[in-house]
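Geometric and topological summary
Single-letter residue listing:
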Amino acid sequence: MSIKILGTGSALPVRRVMNEEIVRMVDTSDEWIRERTGIGGRHVSVGETAASLAADACSRALEDAGKTAEEVELLLVATCSPDEVAPCTACRVQDRIGAGNAVAFDLNAACAGFLFALHTAWAYVEAGIYRNALIAGSEVLSKVVDWEDRGTCILFGDGAGAAYVEKCVEGGVLGFVQHADGSRGSVLSCGSRRLDNPWFGQRDFQKYLQMDGREVFAFAVRQVPLNVEAALEKAGLGVADVDLFVLHQANRRIIEGIAKRLGADMDRFPVNLDRVGNTSSAAIPLLLDELNRQGRLRRGMKLVLSGFGAGLTCGACVLEW
């Protein structure tokens, strides 16, 4: 028993910010950004929320799958930039789309969040608890980015992607791996609300996302190929059997480095980060939906999904479309 993706959806804020606008804010250039990251533009919220973007993406995924919100049994939202501490984003989405029969909760594994949510849905279905799930990755990272820090503000964008999955007997998820290394958590981090109560006051705290780019790059280029190969081994497949590698869209150089280590041509690694930037947990489902709606995904194709992010977290999934 496994799960198969039957529908995808995505949503982006209406406001698109090109590199030329960033150049007027920090000491950089369009050429510098494109050469080092591959990013040309990103979408930034002008009022859209993690919940509203996720709800739109989920509705489109249901429409693509030919399902109704009332049929959904499990609703998972992966996010590291929720609108509120409580209630969780998934409960807000449940209300917005009318999925009143679904159990709803959030997961936070940063940029690997969608994969972790997909694996969680697989576990629930495998255990016989639920028969289907609606999974979203949704982020409004523009609120945690320091727009005066050129090392991070050039990278991130807002958006959401979603997938509807259902129990299947053949195909679907064929193998997956996931890992975490909390000892390296400071490499990529962002503070939350500070501790400031009558017994303790904290005046100096980190409120913006901070990143050691070199460490993240090295981790991704080394660890992702290992994850991909391990997941393929579990699926009984090799790199040559994979039609497309749908990777987290962090940096084009990272994707090129991963492709080189796997010995696979870049034409099997679709990218959209040039238009949307790094959207964290939304990146993989956003790209998956784009490929789906372009007609580039055909039933029976073998795909590898792989992501990495703060935690440090990482994972890979092999599935048959």
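An account of the accompanying structure is given in this report. Since the model is a prediction, treat every value here as computed from it, not as a measurement. (Residues numbered from 1 in each chain as written. Predicted model: local features only at pLDDT ≥ 70, side-chain atom pairs only at ≥ 80, totals over all residues. Heavy atoms only, no water.)

On to the overall build of the protein, then. Along the protein, the regular secondary structure elements total 10 helices and 15 strands. For the protein, whose C-alpha radius of gyration is 19 Å, the value lies close to the compact-globule estimate of 20 Å for 321 residues. Seen through its C-alpha atoms, the protein measures out along the principal axes to roughly 55 × 50 × 35 Å. Scored against the burial criterion, the 321 residues of the protein give a buried share of 55%. In the protein, of all internal contacts separated by at least 6 residues, the share reaching a separation of at least 24 is 76%. The protein carries 34 positive and 41 negative side-chain charges, and their two centres are separated by 2 Å. (Helix = DSSP H or I, 4+ residues; strand = E, 2+ residues; numbered from the N terminus. Rg over C-alpha atoms; globule rule 2.2 N^0.38 Å. Buried < 20%, exposed > 50% of the residue type's maximum accessible area, 1.4 Å probe, protein only. Contact = heavy atoms within 4.5 Å. Lys, Arg positive; Asp, Glu negative; His and termini not counted. Charge placed at Lys NZ, Arg CZ, Asp CG, Glu CD.)

This brings us to the sheet that holds strand β8 (residues 172-180). A sheet is described by the order of its strands in space; here 4 strands give the open sequence β8-β15-β14-β13, paired in mixed fashion. Each edge of the open sheet carries a strand with a single partner, namely β8 and β13 (244-247). Each strand axis lies, on average, 15° off the axis of its neighbour in the sheet, ignoring direction. Note: strand β14 (residues 302-309) against strand β15 (residues 313-320), 8 bridges, orientation antiparallel. Paired with L305 across the bridge in β15 is C317. Along the sheet face, helix α5 (residues 113-126) touches β8, β14 and β15 and points at about 55° away from the line of β15. Docked against the sheet, helix α10 (residues 283-293) engages β13 and β14, running at close to 140° with respect to β13. (Pairing = 2+ DSSP bridges. Axes fitted to C-alpha atoms, helices over the stretch in contact; angles between N-to-C directions.)

Now for the packing of helix α3 (residues 50-65) against helix α4 (residues 89-97). Packed helices, taken two at a time, are described by the angle their axes make and the gap between the axes. Interhelical geometry of α3 versus α4 gives an angle of 55° and a closest axis separation of 9 Å. With respect to α4, the element α3 is oriented oblique. As for the relative orientation of α3 and α4, their crossing is right-handed in sense. From α3, A50, A51, S52, A54, A55, C58, S59 and L62 reach across to α4, where they touch T89, R92, V93, R96 and I97. Looking at side-chain class alone, the contact of α3 with α4 contains 8 nonpolar, 3 polar and 2 charged residues. (Parallel < 35°, antiparallel > 145°, perpendicular 65-115°, else oblique. Left-handed = near helix turned anticlockwise from the far one by under 90°. Nonpolar A, V, L, I, M, F, W, Y, C, P; charged D, E, K, R; others polar.)

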